[in-house]
Amino acid sequence: MNRKQKRLIIIAAGAVFLVGAAALVTSALREQIVFFNSPTDVLAQPLAPGTRVRLGGLVEEGSVERGENSTVTFAVTDTNASVKVHYVGILPDLFREGQGVVTEGTFSPELGIFEADMVLAKHDENYMPKEVADALKAQGVWQEGDPTPGVGDQPTSGN
C-alpha cells in the first residue's frame, strides 16, 4: 500500500464518520421537532397516533368551559375550521376568548379532540405568534397593520 492509498483510506473513513454523525444528529432532531399547524391543517392531514403537533389560532368566542381540577375545554379556530382542545392545568393569565393561542400536544382524530399539555397565550396586545399571523394572513382574515384579532373588542369594566 503506497502513501496515496493510505490517504484515500483515511479520507474515506473520515467521510463515513461524518455522514454517520450527521445521520445520528438528524435522527435525534427529527424526534424533537414539533410542527405548527392551524385547525384546518390538523383536520385535513392524517396524523399518526401520538404525533406531537402545535395547534395555533384564536380561542373561539363562547367556547371556554372550565371543569373540575383545572380542566379546561375550548376551541381553537382559524375561522375556517375549529378544533376542540382539552387541557388540564393552569392557563396563562393572558388566555381569553378571541386571543391568539398556541397549544402543544396530540390530536385524536377518532374523538376529534386535541389533548394539550402546554398552552401559550399571546404575549401582549400587539404580539401574535408568527405562525398564527401567517396562517391568518394566508386566509385573508388579518393583514399587517390591521388591529390584532381579539384586541379592543373586550368588554370594559363599565367606568
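Heads up: the structure comes first, above all this text.
About the cut-offs
Every residue gets a number counted from 1 within its own chain, in the order that chain's sequence is written. The predicted nature of this model means local features are confined to residues of pLDDT at least 70 and side-chain atom pairs, given and counted, to a pLDDT of 80 or more, with totals for whole chains, interfaces and linings taken over all residues. Processing note: side-chain calculations cover all non-hydrogen atoms of the structure and skip hydrogens and water entirely. Here a cavity denotes grid points, spaced 1 Å and computed from the protein atoms alone, that fit a 1.4 Å probe unable to get out, and a pocket denotes an open set having protein on both sides within 12 Å along at least 5 of 7 lines; residues with an atom within 4 Å of a point are the lining. Grid points are joined across faces, edges and corners, and a volume is the space filled by probe spheres set on the points. A helix here means a DSSP run of H or I that spans at least four residues, while a strand means a run of E at least two residues long, and both kinds are numbered starting from the N terminus. All residues other than Ala, Val, Leu, Ile, Met, Phe, Trp, Tyr, Cys, Pro, Asp, Glu, Lys and Arg, Gly among them, are scored as polar; the first ten of these are nonpolar and the last four charged. Pairs of residues are marked as contacts when any of their non-hydrogen atoms sit within 4.5 Å. Under the rule applied, a polar contact is a pair of N or O atoms within 3.5 Å (in protein, one hydrogen donor and one hydrogen acceptor; residues adjacent in sequence only if both atoms are side-chain atoms). Residues enter patches when their relative accessible area tops 30% and they take part in no salt bridge; the joining distance is 9 Å for like charges and 5 Å for the nonpolar side chains Val, Leu, Ile, Met, Phe, Trp and Tyr. To measure how exposed things are, a 1.4 Å probe is used in the Shrake-Rupley method; for residues, cover is taken only from the protein chains shown. When a carboxyl oxygen of Asp or Glu lies within 4 Å of a side-chain nitrogen of Lys or Arg, that pair is called a salt bridge. Accessible area is worked out with a 1.4 Å probe on protein chains only. A residue is then buried under 20% of its type maximum, exposed over 50%, and partly exposed in between.

Further remarks concern empty space enclosed by the protein. Tallied over the entire structure, the rule returns one cavity of 30 Å³ or more. In this structure, the largest cavity occupies an estimated 30 Å³ of space. The wall of the largest cavity is formed by Phe-36, Gly-56, Gly-57, Asp-78, Val-132, Ala-135 and Leu-136. Counting residues per element, the ones that place at least two in the lining of the largest cavity are strand S2 (52-59) and helix H3 (130-138). Class assignment of the residues belonging to the lining of the largest cavity gives a composition of four nonpolar, two polar and one charged.

Structurally, the position occupied by Asp-78 is in the loop between strand S4 (71-77) and strand S5 (82-88). Those residues in contact with Asp-78 that sit more than four places away from it in its chain are Ser-38, Pro-39, Thr-40, Leu-136 and Gln-139. At 3.4 Å, the side chain of Asp-78 and the side chain of Ser-38 are in polar contact. Within the local environment of Asp-78, its side chain forms a polar contact with the backbone nitrogen of Asn-80, the two atoms lying 3.0 Å apart.

There is a patch of nonpolar side chains on the surface, built from Val-25, Leu-29, Ile-33 and Phe-35 and spanning about 400 Å² of accessible area. Looking at the secondary structure, you find Val-25 in helix H1 (residues 3-32).

Quick look at the pattern of salt bridges now. Using the criterion set out here, one finds three salt bridges in the structure. One salt bridge in this structure joins Asp-117 and Arg-52, with 2.8 Å as the shortest N-O distance. In this pair, Asp-117 is assigned in strand S7 (residues 113-121) and Arg-52 in strand S2, connecting sequence segments 65 residues apart. Of the residues examined, Asp-117 reaches a relative accessible area of 46% and is grouped as partly exposed.

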